[in-house]
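# Close look at the chain arrangement
Below, each chain spelled out in residue letters.
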Amino acid sequence: MNFLDLLRALFALAFTLGIIGLAAWAARRYAPQLMAKLSAERGERRMTVVETLVLDPARRLVLVRIDDEERLLILGEGRELIEPRGPRAGSGAGTGADT
């Protein structure tokens, strides 16, 4: 391998790293606006994840809101359990503590 081959390999490496750096800069600069534009075109979402809680490495609780109704999902180990969520605790419903 002579000096010209080594210089050509170093130039190719620098050029490749420069292209990767330029792509990373462009993604950080323009990706948030592009993603916001794409999500705005999709319209209103009916389902949102409200909260998640990791129980152990194999199981997780996920609170999902679908059309103004919240559902509690237990995910993991190949089983999913779906529970409808009752009224909120501070909604004024009876708490069962009558004294």
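These figures come from a predicted structure and were not determined experimentally. (Residues numbered from 1 in each chain as written. Predicted model: local features only at pLDDT ≥ 70, side-chain atom pairs only at ≥ 80, totals over all residues. Heavy atoms only, no water.)

## A closer look at the pattern of salt bridges
- Going through the model one piece at a time under the given rule, you end up with five salt bridges.
- For Arg8, the salt bridge goes to Asp5, with nearest N and O atoms at 3.8 Å. Highlighted residues: Arg8 and Asp5, both in helix α1 (residues 3-42), separated by three residues, approximately one helical turn.
- Using a relative accessible area of 58% as the deciding quantity, one classes Arg8 as exposed.
- As a salt-bridge pair, Arg59 and Asp56 come within 3.0 Å of each other at their nearest N and O atoms.
- Residue class for Asp56 comes out partly exposed when judged on its relative accessible area of 24%. (Salt bridge = Lys/Arg side-chain N within 4 Å of Asp/Glu carboxyl O. Helix = DSSP H or I, 4+ residues; strand = E, 2+ residues; numbered from the N terminus. Buried < 20%, exposed > 50% of the residue type's maximum accessible area, 1.4 Å probe, protein only.)

## Re the confidence of the model for the protein chain
- Within the protein chain, residue pLDDT values average 79, and 74% of them lie at 70 or more.
- The least confident element of the protein chain is strand β4 (residues 79-84), whose mean pLDDT is 65; the most confident is strand β1 (residues 47-56), at 89.
- Every residue in residues 89-99 is under pLDDT 50, and counting partners more than four places away or in other chains gives zero contacts. (pLDDT = per-residue confidence, 0-100. Contact = heavy atoms within 4.5 Å.)

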